[in-house]
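Summary of structural features
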Amino acid sequence: MPISINPQIMREIIMDHYSNPIHKGVPENKDDFLSVRMDSDSCIDDITIYLKVENDVVKESYFEGIACTISTASTDILCDLVLDKSKKDALYVIEQYQNMIYEKEFDEEAVGELIAFVNTHKQAARIKCATLGSLGIKELLEDKKDV
């Protein structure tokens, strides 16, 4: 798995999604969305993730709440990567991201900008922050029916 991304670019990706998250917000009609609240015992992270799934495809994704840089940026990128994907394909993205975080083989193309978190394993305390959003999205996709 040859990864050749500049550390400065990795920081820029993370800071951009933290400072200017595309998917941070509350959907207008929350009743049309699946949602899950995720929080952390070891960080300030306390977010609610919203997914609108129609005909087995993620049509909209949002999150709201307070979270650290790592959690906010990774959740924002994940919300973007699962859009317009089938549940199966979205779960594949999450699986590949989690494989990367836990230093297993992964599909670099599937993780997209999440590659910025490739070194998260070096700071074990940040793994929870980096995976909070992925765990929430996974829970919504696996346990819920289409709204």
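Scroll up to find the structure this text is about.
Reading the values: rules and limits
- Within every chain, residues take consecutive numbers counted from 1 along the sequence as written.
- Only residues with pLDDT of at least 70 are given local features in this predicted model, and only at 80 or more are side-chain atom pairs given and counted; all residues enter the totals for whole chains, interfaces and linings.
- In computing side-chain values, all of the structure's heavy atoms are included and hydrogens and water are not.
- Any two strands are treated as partners once DSSP identifies two or more bridges connecting them.
- Elements are defined by DSSP. Helices are runs of H or I of four residues or more, strands are runs of E of two residues or more, and each kind is numbered from the N terminus.
- Axis definition: a line fitted to C-alpha atoms, over the contacting stretch in the case of helices. Angles run 0 to 180 degrees between N-to-C directions.
- Here, two residues are considered to be in contact whenever any of their heavy atoms come within 4.5 Å of each other.
- If an angle is under 35 degrees, it is roughly parallel; if it is over 145, roughly antiparallel; if it lies from 65 to 115, roughly perpendicular; otherwise it is oblique.
- The sense of a crossing depends on the near helix, which, turned anticlockwise from the far helix by less than a right angle, makes the crossing left-handed and, turned clockwise, makes it right-handed.
- The classification used treats Ala, Val, Leu, Ile, Met, Phe, Trp, Tyr, Cys and Pro as nonpolar, Asp, Glu, Lys and Arg as charged, and all other residues, Gly among them, as polar.

Before going further, it helps to examine the sheet that holds strand β2 (residues 46-54). The strand order across the open sheet formed by 3 strands is β1-β2-β3, and the pairing between neighbours is antiparallel. Across the chains shown, the open sheet's two edge strands, defined by having one partner strand only, are β1 (34-39) and β3 (57-66). Across the sheet, the axes of successive neighbouring strands diverge by a mean angle of 20 degrees, strand direction being ignored. Sheet topology note: the β1/β2 ladder contains 6 bridges and is antiparallel. Bridge pairing in β2 places L34 opposite L51. Against the sheet, helix α2 (residues 69-82) engages β2 and β3, with an angle of about 165 degrees to β3. Relative to β1, helix α5 (residues 127-143) is tilted by about 155 degrees, and along the sheet it contacts β1, β2 and β3.

Moving on: the packing of helix α3 (residues 87-101) against α5. Direction vectors running N to C along α3 and α5 enclose 155 degrees, while the axes themselves pass 10 Å from each other. Classed by the angle they form, the pair α3 and α5 counts as roughly antiparallel. Taken as a pair, α3 and α5 cross one another with a handedness that is left-handed. Only I127, A130, T131, S134, L135, I137, K138, L141 and E142 of α5 make contact with α3, whose side of the interface consists of K87, A90, L91, I94, Y97, Q98 and I101. For the contact of α3 with α5, the class distribution of residues is 10 nonpolar, 3 polar and 3 charged.

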